[in-house]
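Tertiary structure, described
Listed here are the chains, written in short residue letters.
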Amino acid sequence: MYEEGKRFFISSYSLPAHWQVEQTDIAAAAPLAAMDQEIETRLSHPLNSLPLADLCGASTDIVIVCDRAPVDEARFAILRGVLSHLERAGIAPDRVTLLIATLDDEPPAGAESLHSVGTALRRLGDYAGRIRIVQHDPEDVRELDDMGNFEGVPFTINYRAVEADLLIAIYAMELGDDAYCAGSCATVTLGVVGASTRRELRTTRFYDDCIEPSAHDLPLFQRVMREGARRAGLMFAIGALVDAEGRALAIRAGAPANVDDALADLARSLRESDVDAPIYDVVLAEPNWRGRAGGSLFDASLAAIHISLGRNPILMRGGPLILPVERREDDSAPARAFYDALVNAPSPESVIKQLQGRSLQAGEARAYLLAHAMQRHRLIVAGPQRERLARDIHFLSSPSVREAAELAENFAGAHPRALIVRHALSTMPVFRGPLFAPGPFEERELVSPHWSWN
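These remarks concern the structure in this document. All values reported here derive from a predicted model rather than from experimental measurement. Position labels on residues start from 1 in each chain and follow its written sequence. Only residues with pLDDT of at least 70 get local features here, since the model is predicted, and only at 80 or more are side-chain atom pairs given and counted; chain-wide, interface and lining totals rely on the full set of residues. Side-chain figures throughout are based on the complete set of non-hydrogen atoms in the structure, without hydrogens or water.

What to know about helix α10 (residues 220-232)
For α10, spanning 13 residues, the distance from its first C-alpha to its last is 18 Å, which sits close to the expected 18 Å at 1.5 Å a residue. The classification of residues rests on relative accessible area computed with a 1.4 Å probe and restricted to protein chains. Under 20% of the type maximum is buried, over 50% is exposed, and intermediate values are partly exposed. Numbering of helices and strands runs from the N terminus; a helix is a DSSP stretch of H or I covering at least four residues, while a strand is a stretch of E covering at least two. Along α10, the residues that are buried comprise L220, F221, Q222, R223, V224, M225, R226, E227, G228, A229 and A232. Backbone geometry just after α10 places G233 at a positive phi near 95°. Helices are assigned an expected span. That span is 1.5 Å times one less than the residue count.

Right, here's the structure in full:
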């Protein structure tokens, strides 16, 4: 048994010598060298939109919706750039409101956080220090305007956003984020709506639409996000793609849908990592935790969802997915909801039946998706996790990668073709080659040339 806190590394040598093993990882991406200059350029030359300064005049009331309190480098730099353009356009600071969204299950930013934002803005000068800062509260019905229904979703949106002459969205997304939930449209339609809207957006029909290919060009969730933003009057967006340390990799500005699509496409291209075969018998996927490989069972579940429920999964149906775990279980509120949903059901099928049709908390949503993944693949956790908990939530369990590999042979045979996916929360294995790949006993390199040491 590995000791808790002790690093154990996955390599081709952790797996049986008679396995055909390849490795893949996310490509290294360099942070922007001059973020302020890039923001200035993007605001002056936006995608499918007039420059920001040309969209407003001296009498324009402006609301800037930010997906989170802009206390990190990327969001604060974007806000600084936007305010600079508004000041040059002659907009009085008392006509500008910063509306901070409330996303996920996190409580609204408290007075201390808002004070920190205000203090940072005052350091920028008199103009930035005089704008209004408001935290959205989804439970405060007095601040909501009814904007009708779409696809069965009742749109109740913060009146400040709806009544603004110019509504601007600021956001940052990490490489591993779901692009549908991290864009400018989601910043409005998820972030500054009422509790009833959010509850409906968390019902399982939205997850089901993502699990199976949609009959429409866009998934249901994305269509609703864009319609909600349109009804609120979102006109301009500026977003950042950031790495695990929060460093900006790219900035885009302009029409909201164009910005969201551009950053989502860029994130996808950076996540995608070429592999040599369309299907593998076994996949070993390393979860990420704070920028490094190896996490808890909760982290491993997300890696399993990414590999198993992707649009073009590279693991054969019914094949074993090995998930190395290095930390004890997470004790956050989403993690507790996740464990409760799985432990209280006797099988993955029961998990799906119990959660089907409900509005789900963040942890329950992950449990629902994981149960679907368990119907497609055999999930084996390996490492210093609590064995009983792993089995109670329907994983197969093993104390080491080597023993997990021996277990996997029961399902994949004695000479499987295996793929190691490094940083599986942000790496998307993609096969682009011919359909007829070399067989398992043909001459191959043990380690794929696509492996990145960065």
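Quick word on the packing of aromatic side chains
Geometry of aromatic contacts follows a simple scheme: Phe, Tyr and Trp rings, the Trp one being its six-membered ring, pair when their centres are within 6.5 Å, and the pair is stacked under 30 degrees between planes, edge-to-face over 60, tilted otherwise. Counting across every chain of the model gives three aromatic pairs. Ring centres 5.9 Å apart and planes at 85° place the aromatic pair F206 and F221 in the edge-to-face group. With F206 in helix α9 (residues 204-211) and F221 in helix α10, this residue pair connects regions lying 15 residues apart in the sequence. Using a relative accessible area of 2% as the deciding quantity, one classes F206 as buried. Overall, the relative accessible area of 8% leaves F221 in the buried class. Geometrically, the ring pair formed by F338 and Y339 is edge-to-face, given 5.2 Å between the ring centres and 65° between the ring planes. For F338, a relative accessible area of 0% corresponds to the buried category. An aromatic cluster of at least three residues, connected via ring pairs, comprises F298, F338 and Y339.

Digging into the packing of α9 against helix α15 (residues 362-376)
Where α9 contacts α15, the two axes come as close as 11 Å, and the packing angle between them is 35°. Once α9 is placed against α15, the crossing between them reads as right-handed. Facing α9, whose interface residues are T204, Y207, D208 and I211, α15 presents A365, Y368, L369, H372 and R376. Residues are sorted three ways: Asp, Glu, Lys and Arg are charged, Ala, Val, Leu, Ile, Met, Phe, Trp, Tyr, Cys and Pro are nonpolar, and all the rest, Gly among them, are polar. Looking at the contact of α9 with α15 residue by residue, the classes come out as five nonpolar, two polar and two charged. Each axis is a line fitted through C-alpha atoms, and for a helix only the stretch in contact is used; angles between axes span 0 to 180 degrees, taken between their N-to-C directions. Note on convention: near helix rotated counterclockwise from far helix by under a right angle means a left-handed crossing. Clockwise means right-handed. Contacts are residue-level and defined by heavy atoms, with any inter-residue pair within 4.5 Å sufficient.

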